[in-house]
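# Fold and geometry: a report
One-letter residues, chain by chain:
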Amino acid sequence: IKQKKRHMGDTKHFCPVSLKEDFILHPGLQEHAAKYKENIYYFSTSEYRDTFLKNPEEYVAHNEPIQAPPLRVCLLGIHGAGKTTCARQIADKLGIFHIQFEEYLQELILPKTRKKVGPQFDEEYEDDNKIPILSEELEDFSQTKTETEKSKQEEVLTDEEEAIKANLMDSKELPPEVLDNIVLDWWKKEPFRSTGFILDGFPRTVDEARYLSERGLCPDVAVYIQVEDSDILDRLFPLRLKKWKDKQHKKKEYKKKLKDLKAKMRV
């Protein structure tokens, strides 16, 4: 039997309270429906339905149509898939923010760590730490080293910063309370709230996807870039090879300078 067309509210099947309070298009459920002025409204939770019924005029259109939230995109894929390149192009074309998640995490702790952390960055700094500073004033080296180590010791990371560092170093899960201080702002605060964004590299795990769901942070689009392993190897291997050659050249230059310095000291 063909049912009569339902007279739905201004937001159709989306929850008007989620839109008003959180600026999120959250699908409503039939079990959380209410009727107001001959229109049917659907809500994401029973609490939001009760909120609507207390003051419905707060959540319906008056002089102009209700404004929809901006585009929010999650761009996913393995390392080397080209997420950042695609995200920058999309952000420029659509006029939305580009957020590179791991780079954002690096910036949060960079003032204290003073260098980027993670397996790929540790390789870059490993040889530098083994090579002492060559200087004609060798007696100043120990003093400079002591002052540097002292300044590093003074930079104590907070619990949140330690969690971020552990995530970047060992891929340990970020606790929900840490994610709350990072992710919520992109959905709820300006300028992201009214402009929109493309989130590059988040969520990365099932737990992070579950976190978004539990917080009601719904992206409008989630895109996964799938790339052949051979293509990723072609992209990443030349760069890694170049870095390795640069390290070898740096070691060779250091040995030469050290040899010259020792010869000079004998004279």
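An unreviewed UniProt entry annotates the chain as KAD9 kinase of Pachyramphus minor.

All right, on to the packing of aromatic side chains then. For the structure shown, the criterion picks out nine aromatic pairs. Centre to centre, the rings of Tyr36 and Phe52 are 6.0 Å apart; their planes meet at 90°, and the pair counts as edge-to-face. Within this pair, whereas Tyr36 is found in strand β1 (residues 29-36), its partner Phe52 is found in helix α2 (residues 46-54), the two being separated by 16 residues in sequence. Among the residues examined, Tyr36 registers a relative accessible area of 18% and is labelled buried. Take Phe52: its relative accessible area is 0%, and that puts it in the buried class. Ring centres 4.5 Å apart and planes at 35° place the aromatic pair Phe101 and Phe202 in the tilted group. Note that Phe101 is positioned in helix α4 (residues 101-113) and Phe202 in the loop between β5 (197-200) and α11 (206-214), a separation of 101 residues in sequence. According to the relative accessible area criterion, Phe202 is buried, its value standing at 0%. An aromatic cluster is built from Tyr36, Tyr41, Phe43, Phe52 and Tyr59, whose rings are joined through pairwise contacts.

Thresholds applied
Residues numbered from 1 in each chain as written. Predicted model: local features only at pLDDT ≥ 70, side-chain atom pairs only at ≥ 80, totals over all residues. Heavy atoms only, no water. Phe/Tyr/Trp six-rings, centres within 6.5 Å; stacked < 30°, edge-to-face > 60°. Helix = DSSP H or I, 4+ residues; strand = E, 2+ residues; numbered from the N terminus. Buried < 20%, exposed > 50% of the residue type's maximum accessible area, 1.4 Å probe, protein only.

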